[in-house]
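Here is what each chain is made of, one letter per residue.
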Amino acid sequence: MKNTFILFCAILITFSCTKEVVIDIPGFEDQLVIDGSIETGQPPFVLISRSKDIYAPTDLQAFFNSFVSGAQLTVSDGTTTFDLIEVCSNNLPPGSEATVAALLGVSVAELANIQICGYTSLDPLIFGQIGKTYTLTVTNEGETYTGVTEIVEPTPLSNLYWKPDGDLTTHGYAWATLSDPANQFDGYKWEAQRINTDINGDLLDVSFIEPFSPVFDDQFFDGLTFDFFYDNPQGYEDGVLEDEAGLYALGDTVVIKFSKMDRNLYEFMEKKYTQLSTAGNPFATPTNIPNNLSGGALGVWAGYSPSIDTLICQP
Amino acid sequence: MKLFYSILFLLLCLSASAQDNYTLSGYVTNAQDGETMIGVKVFIPSIQKGAITNNYGFYSLTVPKGVYFVEFRVGGQETETKELDISKDLRFDFEIGSNFQNIEEVVVDGKAEDNVKSTKLGQIELDIDDVKKLPAFMGEVDIIKTIQLLPGVSSAAEGGQGFYVRGGGPDQNLVLLDEAVVYNAAHLFGFFSVFNADAVKSVNLIKGGMPANFGGRMSSVLEVNMNEGNKKRLAVKGGIGAISSRLTVEGPLKKDKGSFIVSARRTYIDVIMKAAIPESSPFSGSSYFFYDMNAKLNYTLGKKDKIFLSGYYGKDEFSFGNTDDNFQVDMPWGNGIAALRWNHIFNSKLFMNVTSTVTDYQFSFISAQDEFRFILNSGIRDFGGKIDFTYFPNTRHKVKFGLDYINHTFTPVSVSAENDETVFDTGTAQKLKSHESAAYVLDEFDLTENIRFNAGLRYSMFQHVGPFTRFIPGDISTPDSSITYNKGDIIQFYHGIEPRISMRWSLPDNSSIKAGYSFNYQYVHLTSLSAVSLPTDIWYPTTNLAKPQRGWQTSLGYFKNFLNNKLETSVEVYYKGMDNLIEYKEGALPGDNINNNTDNLLVFGKGWSYGIEFFIKKTAGKFTGWAGYTLSKTDRLFADINDGNPYPAKYDRRHDLSIVGMYTLNKRWVFSAAFIYATGNTLTLPTSWYVQNQDLLFNYGARNSTRMAPYHRLDISATWYGKEYKDKTDLETGEIIQVKKKLKTNIAFSIYNVYNRSNPYFLYVDNDGDFLAGDFEIKVKQVTLFPIIPSVTWNFEF
């Protein structure tokens, strides 16, 4: 149905015109934003920030100023509770630079130019384990917020392959075969990173990148085995030929991170990506994204159970 | 049966008091084309008694024995008088207009005095000829857009067909075409009405004080009656406009006995698109058009019986293709409606109408990309029957009673999807079956010379029946489950009494005070995920989860006419309460309907609306028109929306002003203008933003807490009429004489949005740029749909 709206918008665009307006939007409420995650074999990492008024400045410094320092955080795996320590981008524990850079969407080199603090623990006992449920507790300015997430049993893709699209011979989608477990809820997320290098010797993708709509559940294919494909989210840059847009090139090496998540996290993700794809669309209900955090915080406490596989783009 | 016997007893009592009187009754028809005439006043000045022809042109007037001069009055202006000896029950069918100079100039609406004399409260009848003279958007004469110019009625959005009456939702309007329900009254995503004005005879809007013979909706009744067809001669009329053309053919089946009318319309937007999009373009397969057809037959079987068969079929066809992406979408939707009616006159006092109807509304969405194929269907099919009696026991009473039944089959969402050889599990199509029925009785009676009541009771029932599968969603610890009901199982039964009463107290100075109370149940709901009406909105019946909507309205009005009824004025105040209103849960998505019951996604609440309406209308003279102003407030309260706090409805309008004027300069030129001012619609915009995993997300504020800029617009039109007469030389005398032309033409020029106001259609928050690059911006943007749009339409008739 999303296409219906897109098509209708296309009609509107034909007739309509758009202009910027300044209008009173009442009801701004300053809220804490918790952006935390834990996945199999990785430490928990949490960024704390504050929401910003819709008309607030959007420059980089204002954004970084919104991060909260001095909060108390713990993560419990049900038997043991671990304190998280505050780490800043200019004082990161050795070995965590790449993880933090990926979380922020910047390169390790750029990380040095950013002053930002997050919370983590490098105690291997709190690194994510399959089947465990993790509780995050955040205390800030006298308010306490909690979130619960589970690292569920992963479902690896049973096959990954590349095939040229249509009449093309050198470009195509990344295809996969999924055997969905029957009689249970399964929520999935697809991310990809090209690890071959460009002519300068730099990685084509510095981190895992999500496609336009990276999450889906098994509502319509519970227990089925089927093939599906994803596009190359970096394949729409300027200079890419129209026929080859969104496709992987022959010879690309792509690492696929195929994660599973619990139902609450999936609900957050589904609504998040719906909001991203329909923001500004008058035909979608304006929706605040539900999350798994108590205490009125925005954001999410996310537990992922990834399976990682590598696709070499060859017929 | 107890109710039926009670009604019979009541009727016998009423008749008993009238045995020394005799009844004058019959049909009133138009002398020019034989069409029955609605709203003609049959009046006997000497005893100050009168009656008005009903929707079928029938009247009945019981008076003491005597010889009377009886007036047949049209439009409060033209009157024909007949001397009649009423010494026994007299059937007198009258062709009106044969003595008038020019029947075409007679306004068919004969209810000038009705404004103050009738018990009608919150009712307005549109004159189709007036509608045709008003400015038309893209040249398309539109009944619904004219309705939106009346006080208490507002539009959903610019160009939209959804209309909101006194704070009610668009699903709370009962739209009837020849007594058959129309579920989707719009073409082109709501920009044009399905009613072809050439095929329409009368339009009546009831926005308050709904009589007991109507039910099933809470807010209003929009009653549209089709023309019956010219009984005198074959006639053709049509028009060629900017985006569509139409043609109507009508004529006698047998002169003065029966007639037919067929009226069709088609847009040629697809032809324009085809010319505009080159064949080499990947979008060359994209197109849009709509068409509709009205047809009606009627035949008089004898003095006592008439039958009518009317039908409507209309469809929108939207296609979008992109061969580059191997992507194709086809989206057809439309209504099919048929009504078979039988009028029978048992005697001069008892009139019966039996109607059977079929209504079918279907919407499909078919998309394909590469190996993936997705089909969605949604629809509703009704089979209905009703029997209505009108009984005229004496001049003080007019009694109506009847039965109503509809068999509903709803298909809210039926989906199939496949990818190459994999067929996805989208479940079986959910069909919901139900029976809706009602019995009613009402009496419009004079308590005293000055006080008249219209009191009625309606008893309605609704059964949701099997087969049906109730899905019970699970959670983390409980798996999904379901309950299956077999064919004929009664899943839920609702019933209730709906009292309706209105009264008129006549005051000496051609004015009156009216008051009314009505209570309604509504058993069908329209569920919408969008801010405007779209064909993707889903009709859903009452179930064991979705309870019937309930509404009650009280209103009070003061009505006064001036200048011998040429100037009508009124002030009405109202309060409306609504219960069991429905909305989707916050965060519900269209796909959530699949493999699920739609009512699992709904939340329930209540609403209220109150306001005051001022109306002034000039009905005769060179300058005619009206002005209406409404001051109102409409709120909603849902426990699961907006944290349980009340919030304004999206169509809450504090101020709504419409001014409509028509000026007939001479026989060749008519000018008209319409001005609208309305408080801006409410909407929900983000109040803040935050970042999660590098994505910028919005957090929305209170529901409908932002208000758009006010809406105002001026439309004007000028209609030029070709000469009615041509010069001809009399062969015998050699003199130049004037002969009426067979072909009559006019050209209607319209300008929509004369001063090119950028009215807000919707607002959205746009973000653009890159945080890390430092060029990130968040802006609020307003989309305006229609700038100034001129149009021209050529109309002809012969």
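Treat the numbers as computed from the prediction; the structure is a model and nothing was measured. (Residues numbered from 1 in each chain as written. Chains lettered and ligands numbered in written order. Predicted model: local features only at pLDDT ≥ 70, side-chain atom pairs only at ≥ 80, totals over all residues. Heavy atoms only, no water.)

### Considerations on the overall build of chain B
Here is step 1 of the chain: The helix and strand inventory of chain B stands at five helices and 53 strands.
Here is step 2 of the chain: Taken over the C-alpha trace, chain B has a radius of gyration of 28 Å; the compact-globule value for 798 residues is 28 Å, and the two agree within 12%.
Here is step 3 of the chain: For chain B, the spread of C-alpha atoms along the three principal axes comes to 90 × 75 × 50 Å.
Here is step 4 of the chain: Of all 798 residues assigned to chain B, the portion counted as buried reaches 60%.
Here is step 5 of the chain: Long-range pairs, those at least 24 residues apart, make up 66% of the contacts in chain B between residues at least 6 apart in sequence.
Here is step 6 of the chain: Surface summary for chain B: the accessible area is close to 31400 Å², and the carbon and sulfur share equals 57%.
Here is step 7 of the chain: Charge centroids of chain B, computed over 81 positive and 87 negative side chains, lie 9 Å from each other. (Helix = DSSP H or I, 4+ residues; strand = E, 2+ residues; numbered from the N terminus. Rg over C-alpha atoms; globule rule 2.2 N^0.38 Å. Buried < 20%, exposed > 50% of the residue type's maximum accessible area, 1.4 Å probe, protein only. Contact = heavy atoms within 4.5 Å. Areas by Shrake-Rupley, 256 points an atom, 1.4 Å probe, with all protein chains shown as cover. Lys, Arg positive; Asp, Glu negative; His and termini not counted. Charge placed at Lys NZ, Arg CZ, Asp CG, Glu CD.)

### Examining the overall build of chain A
Here is step 1 of the chain: If you tally the helices and strands in chain A, you get five helices and 17 strands.
Here is step 2 of the chain: Computed over its C-alpha atoms, the radius of gyration of chain A comes to 21 Å, within 12% of the 20 Å expected for a compact globule of 315 residues.
Here is step 3 of the chain: Expressed along its principal axes, the backbone C-alpha trace of chain A runs to roughly 60 × 50 × 50 Å.
Here is step 4 of the chain: Going through the 315 residues of chain A one by one, you find that 51% of them count as buried.

### Considerations on the domain arrangement of chain A
Here is step 1 of the chain: Annotation of chain A at the domain level lists domain 1 (30-151) and domain 2 (159-262 + 308-312).
Here is step 2 of the chain: Placing the centre of domain 1 of chain A and that of domain 2 of chain A at their C-alpha centroids yields a distance of 28 Å. (Domains from an automatic or database assignment.)

### Observations concerning the domain arrangement of chain B
All names here are of chain B.
Here is step 1 of the chain: When cut into domains, chain B gives domain 1 (2-110), domain 2 (117-223) and domain 3 (224-715).
Here is step 2 of the chain: Summing both sides of the interface, domain 1 and domain 2 together bury roughly 610 Å²; the carbon and sulfur share of this comes to 34%.
Here is step 3 of the chain: For the pair domain 1 and domain 2, the number of links is one salt bridge.
Here is step 4 of the chain: As a salt-bridge pair, Glu35 and Lys201 come within 3.3 Å of each other at their nearest N and O atoms.
Here is step 5 of the chain: Here domain 1 is connected to domain 2 by four residue pairs in polar contact (both at pLDDT 80 or more).
Here is step 6 of the chain: For the side of domain 1 that touches domain 2, the per-class residue count stands at five nonpolar, two polar and two charged. (Buried area = accessible area lost by both parts, 1.4 Å probe. Salt bridge = Lys/Arg side-chain N within 4 Å of Asp/Glu carboxyl O. Polar contact = N/O pair within 3.5 Å; in protein donor to acceptor, adjacent residues only side chain to side chain. Nonpolar A, V, L, I, M, F, W, Y, C, P; charged D, E, K, R; others polar.)

### A word on the environment of Val792(B)
Residue and element names in this part refer to chain B.
Here is step 1 of the chain: Position of Val792 relative to the elements: it lies in strand β53 (residues 789-797).
Here is step 2 of the chain: Sequence spacing of Val792 and Ile490 is 302 residues, and the spatial spacing of their C-alpha atoms is 56 Å.
Here is step 3 of the chain: Not counting residues up to four positions away in its chain, the partners in contact with Val792 are Ile240, Gly241, Ala242, Ile747, Ala748 and Phe749.

### Structural notes on the sheet that holds strand β44 (residues 686-692) of chain B
Here is step 1 of the chain: With antiparallel pairing, the three strands of this open sheet are ordered in space as β4(A)-β44(B)-β45(B). The open sheet has two edge strands, β4 (52-53) of chain A together with β45 (695-700) of chain B, and neither has a second partner.
Here is step 2 of the chain: With six bridges connecting them, β44(B) and β45(B) associate as antiparallel partners. Across the sheet, residue Ser688(B) finds its bridge partner in β45(B), namely Asn699(B).
Here is step 3 of the chain: Together, β44 and β45 of chain B form the strand contacts of helix α5 (residues 263-278) of chain A, whose direction differs from that of β45(B) by roughly 95 degrees. (Pairing = 2+ DSSP bridges. Axes fitted to C-alpha atoms, helices over the stretch in contact; angles between N-to-C directions.)

### Focus on the state of the cysteines
All names here are of chain A.
Here is step 1 of the chain: All told, the structure shown has one disulfide over all chains when counted by the stated rule.
Here is step 2 of the chain: One disulfide in the model links Cys88 with Cys117; its S-S distance is 1.9 Å. A torsion of 95 degrees about the S-S bond marks the disulfide between Cys88 and Cys117 as right-handed. Of this pair, Cys88 sits in strand β6 (residues 81-88) while Cys117 sits in strand β7 (residues 117-120); the two residues are 29 residues apart in sequence, bridging distant segments of the chain. In terms of burial, Cys88 and Cys117 fall into one category: buried. (Disulfide = S-S within 2.5 Å.)

### A few points about a nonpolar patch on the surface
Residue and element names in this part refer to chain B.
Here is step 1 of the chain: There is a patch of nonpolar side chains on the surface, built from Leu253, Leu297, Leu309 and Leu340 and spanning about 340 Å² of accessible area.
Here is step 2 of the chain: In this fold, Leu297 is placed in strand β21 (residues 287-300).
Here is step 3 of the chain: On the basis of relative accessible area, Leu297 is assigned to the partly exposed category, the value being 40%. (Patch = residues over 30% accessible without salt bridge, like charges linked within 9 Å, V, L, I, M, F, W, Y side chains within 5 Å.)

### Examining the packing of aromatic side chains
Here is step 1 of the chain: Within this structure, the stated rule accounts for 52 aromatic pairs over all chains.
Here is step 2 of the chain: Taken together, the ring pairs in this structure connect Tyr188(A), Trp190(A), Phe216(A), Phe221(A), Phe226(A), Phe228(A), Tyr230(A) and Phe258(A) into an aromatic cluster.
Here is step 3 of the chain: Here the guanidinium or amino end of Lys41(B) rests over the ring plane of Phe43(B), the centre of that ring lying 4.9 Å away.
Here is step 4 of the chain: When the ring centre of Phe289(B) is taken as origin, the NZ or CZ atom of Arg266(B), which lies over that ring, is 4.1 Å away. (Phe/Tyr/Trp six-rings, centres within 6.5 Å; stacked < 30°, edge-to-face > 60°. Lys NZ or Arg CZ within 6 Å of the ring centre and 35° of its normal.)

### Some thoughts on the sheet that holds strand β51 (residues 762-768) of chain B
Here is step 1 of the chain: Spatial ordering of the open sheet is given by β1(A)-β52(B)-β51(B), a layout of three strands whose pairing is antiparallel. Either end of the sheet is taken by a strand with one partner, and the two such strands are β1 (17-21) of chain A together with β51 of chain B. Mean inter-strand twist for the sheet, computed between neighbouring axes without regard to direction, equals 40 degrees.
Here is step 2 of the chain: Relative to strand β52 (residues 777-784) of chain B, β1(A) runs antiparallel, the two being bridged by five bridges. Bridged to Thr18(A) within β52(B) is Val783(B).

### Focus on the nonpolar core
Here is step 1 of the chain: With 111 residues, the main nonpolar core has Trp190(A), Phe228(A), Ile147(B) and Phe195(B) as its most contacted residues.
Here is step 2 of the chain: What Phe195(B) contacts, discounting residues up to four positions off in sequence, is Val141(B), Ile143(B), Ile144(B), Val175(B), Leu177(B), Val182(B), Ala185(B), Val200(B), Val224(B) and Arg265(B). (Core = buried A, V, L, I, M, F, W, Y, C linked by side-chain atoms within 4.5 Å.)

### Regarding the pairing of strand β29 (residues 451-465) of chain B
All names here are of chain B.
Here is step 1 of the chain: With 14 bridges joining them, strand β28 (residues 432-446) and β29 adopt antiparallel strand pairing. Among the inter-strand pairings, Tyr440 is bridged to a residue of β29, identified as Arg458.
Here is step 2 of the chain: Two strands pair when backbone bridges link them, and β29 and strand β32 (residues 490-507) are joined in this way by 15 bridges, in the antiparallel orientation. Residue pairing in the sheet places Tyr459 in a bridge with Ile497 of β32.

### Section: α5(A)
Here is step 1 of the chain: Between the first and last C-alpha of α5(A) there are 22 Å, a value that for 16 residues agrees with the 22 Å anticipated at 1.5 Å per step.
Here is step 2 of the chain: Looking only at α5(A), the buried set comprises Leu265(A), Tyr266(A), Phe268(A), Met269(A), Lys271(A), Lys272(A), Tyr273(A), Gln275(A) and Thr278(A).
Here is step 3 of the chain: Packed against the buried residues of α5(A) are β12 (187-194), β13 (215-217), β16 (253-261) and β17 (298-312) of chain A together with β44 and β45 of chain B.
Here is step 4 of the chain: Two or three places before Asn264(A), at the start of α5(A), stands the capping residue Asp262(A), its side-chain oxygen 3.3 Å from that residue's backbone nitrogen. (Expected span 1.5 Å × (residues − 1).)

### Focus: the side chain of Ser506(B)
Residue and element names in this part refer to chain B.
Here is step 1 of the chain: Structurally, Ser506 is set in strand β32.
Here is step 2 of the chain: Here Ser506 falls in the buried class, since its relative accessible area comes to 12%.
Here is step 3 of the chain: At 2.9 Å, the side chain of Ser506 forms a polar contact with the side chain of Arg504.
Here is step 4 of the chain: The contact partners of Ser506, leaving out residues within four places of it in the chain, are Asn450, Ser511 and Ser512.

### Some details on unusual backbone geometry
Residue and element names in this part refer to chain B.
Here is step 1 of the chain: Omega for the peptide link from Gly466 to Pro467 comes to 5 degrees, which places this bond in the cis form.
Here is step 2 of the chain: With respect to the helices and strands, Pro467 occurs in the loop between β29 and β30 (468-472).
Here is step 3 of the chain: In this model, Asp178 sits at a positive phi of 50 degrees, which is unusual for a non-glycine residue.
Here is step 4 of the chain: Inspection of the secondary structure assignment puts Asp178 in the loop between β12 (173-177) and β13 (180-181).
Here is step 5 of the chain: Its relative accessible area of 1% is what places Asp178 among the buried residues.
Here is step 6 of the chain: Phi is positive for Asn565, which is not a glycine, with a value near 70 degrees.
Here is step 7 of the chain: With respect to the secondary-structure elements, Asn565 resides in the loop between β36 (549-562) and β37 (567-584).

### Examining a positive patch on the surface
All names here are of chain B.
Here is step 1 of the chain: On the surface, Lys723, Lys726, Lys728, Lys741 and Lys742 cluster together into a positively charged patch.
Here is step 2 of the chain: Turning to its location among the elements, Lys742 is positioned in the loop between β49 (736-740) and β50 (744-752).
Here is step 3 of the chain: A relative accessible area of 77% means that Lys742 is categorised as exposed.

### Observations concerning the side chain of Thr687(B)
Here is step 1 of the chain: Within the fold, Thr687(B) resides in strand β44.
Here is step 2 of the chain: According to the relative accessible area criterion, Thr687(B) is buried, its value standing at 3%.

### A few points about the pattern of salt bridges
Here is step 1 of the chain: One pass over the full model with this rule turns up 45 salt bridges over all chains.
Here is step 2 of the chain: A network of salt bridges, in which partner residues are shared, links Asp178(B), Glu179(B), Lys296(B), Arg341(B), Lys386(B) and Asp388(B).

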